[in-house]
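As a plain string of letters, each chain reads:
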Amino acid sequence: MKILITGANGQLGSHITSIINKGSSKLGKIDKSYASAQVFNLDKTILDISLFKNLKNILFDIKPNLVINCAAFTKVDACEKNIELAFKVNSLGCRNIALLSNEIDAKLIHISTDYVFAGNKSTPYREFDPPSPINIYGKTKLLGEKYIKQYCRNHFIFRTSWLYGYTGENFVKKIIKLGLEKNHLNIVADQIGTPTNVEDLTYHILKIALTNEYGLYHCSNNGSCSWFEFAKKIIEQRQINCSLNPIKTENLDQVAKRPSYSVLDNLMLRCTFRDKMRRWEDALEEFNKNLKV
């Protein structure tokens, strides 16, 4: 098996490679067929997915059986300021990957986001709920999903939320760093979602990738919290002496609107496979025990 990973140096792409090399995750062993897999890690310095000819040359040279697209422009406020770049990476890049994966008959896994929803519900979003993004990031990611569905027959789309991992920057690392530097932090308390450990997402991606049960999956840790509650749990688990103050979104200097509620329900996962996504508090505790800072 040949596996090509785009955005390979990010927190998800790098962790997928790590789990394949180890042969297991905290949630269990992965299929033995991955033991002999060739993994091609391509980051944005090597592969710009918005350039069709460049992508075609690489995919036709490698001819992977499985393409995992982790490449994305995820800086939400920056997307508002640079719409063209957001479109190139999050939308056009998906069209290119979908067309070419279909042409070489490769399975395609694409990573999407809870930000495709408006956030005007008070119960978790399911796969059949209509998306209605309220910022450029969400809009370009949703168009990317549509291109995947339209142009690649053998596809899996995974929507996840508030992802954190060992590589790169994320909310957990940011709170730990700021908590150690300052005595007091203001954290937004009126945005509700679900933190997701990269370990849990990786396990389910690699499990489902070997099947033919194509489609759209919500895949986040179970439960929900605000950013304030998330930060509070991080501070508690790391035993950091720092006080937190809940504030409203309107007090933040943010360019892009955020959904006030973007909790995902792993309905498709439960109906096709066993949902082994942990409670977000448990997944965070395990992460904090292993994180070296």
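Basis of the calculations
- Residues numbered from 1 in each chain as written.
- Predicted model: local features only at pLDDT ≥ 70, side-chain atom pairs only at ≥ 80, totals over all residues.
- Heavy atoms only, no water.
- Axes fitted to C-alpha atoms, helices over the stretch in contact; angles between N-to-C directions.
- Helix = DSSP H or I, 4+ residues; strand = E, 2+ residues; numbered from the N terminus.
- Left-handed = near helix turned anticlockwise from the far one by under 90°.
- Contact = heavy atoms within 4.5 Å.
- Nonpolar A, V, L, I, M, F, W, Y, C, P; charged D, E, K, R; others polar.
- Core = buried A, V, L, I, M, F, W, Y, C linked by side-chain atoms within 4.5 Å.
- Buried < 20%, exposed > 50% of the residue type's maximum accessible area, 1.4 Å probe, protein only.
- Phe/Tyr/Trp six-rings, centres within 6.5 Å; stacked < 30°, edge-to-face > 60°.
- Pairing = 2+ DSSP bridges.

Quick question: what am I supposed to make of the packing of helix α2 (residues 52-62) against helix α4 (residues 83-103) here?
Each pair of packed helices can be described by the angle between their axes along with the distance between the axes. The contact between α2 and α4 brings their axes to 10 Å, and the two run at 30°. Seen from above, α2 lies across α4 with right-handed handedness. Only R95, N96, I97, L99, L100, S101 and E103 of α4 make contact with α2, whose side of the interface consists of F52, L55, K56, L59 and F60. Split into classes, the residues belonging to the contact of α2 with α4 amount to seven nonpolar, two polar and three charged.

Mind showing me how you'd approach the nonpolar core here?
Soluble globular proteins: nonpolar side chains tend toward being buried together. If you look at the biggest cluster of nonpolar residues, it comprises 28 residues, and the most contacted ones within it are I3, L12, I16, I68, I109, F158 and I205. When contributions to this core are tallied by element, the ones reaching two or more residues are β1 (2-6), α1 (11-22), β5 (66-69), β6 (107-113), β7 (155-160) and α7 (198-209). Each residue touching I16, except ones within four places of it in the same chain, is listed here: I5, I68, C70, T202, I205 and L206. Of all hydrophobic cores here, the second largest spans 24 residues; its members include W162, A231, I235 and F287.

Honestly, the packing of aromatic side chains in this entry has me stumped. Any pointers?
A ring pair, where both rings are aromatic, is described by two values, the distance of the centres and the angle of the planes. For the structure shown, the criterion picks out 15 aromatic pairs. Relative to F287, the ring of Y164 lies with its centre 4.8 Å away and its plane at 75°, an arrangement referred to as edge-to-face. In this pair, Y164 is assigned in strand β8 (residues 163-164) and F287 in helix α10 (residues 280-290), connecting sequence segments 123 residues apart. Residue Y164 is classed as buried on the basis of its relative accessible area of 1%.

So what exactly am I meant to see when it comes to the sheet that holds strand β12 (residues 215-218) here?
Sheet strands associate in pairs through backbone hydrogen bonding, adopting either a parallel or an antiparallel arrangement. Read from one edge of the open sheet, six strands run β4-β1-β5-β6-β7-β12, paired in parallel fashion. Strand pairing shows two members of the sheet lacking a second neighbour, β4 (38-42) and β12, which therefore form its edges. Averaged over neighbouring strand pairs, the angle between their axes works out to 15° when direction is ignored. One ladder, built from five bridges, connects β1 with β4; its direction is parallel. Paired with I5 across the two strands is N41, which belongs to β4. Against the sheet, α1 engages β1, β4, β5 and β6, with an angle of about 155° to β1. Strands in contact with helix α5 (residues 136-151) are β6, β7 and β12; relative to β6, the strand with the most contacts, it is inclined by about 160°.

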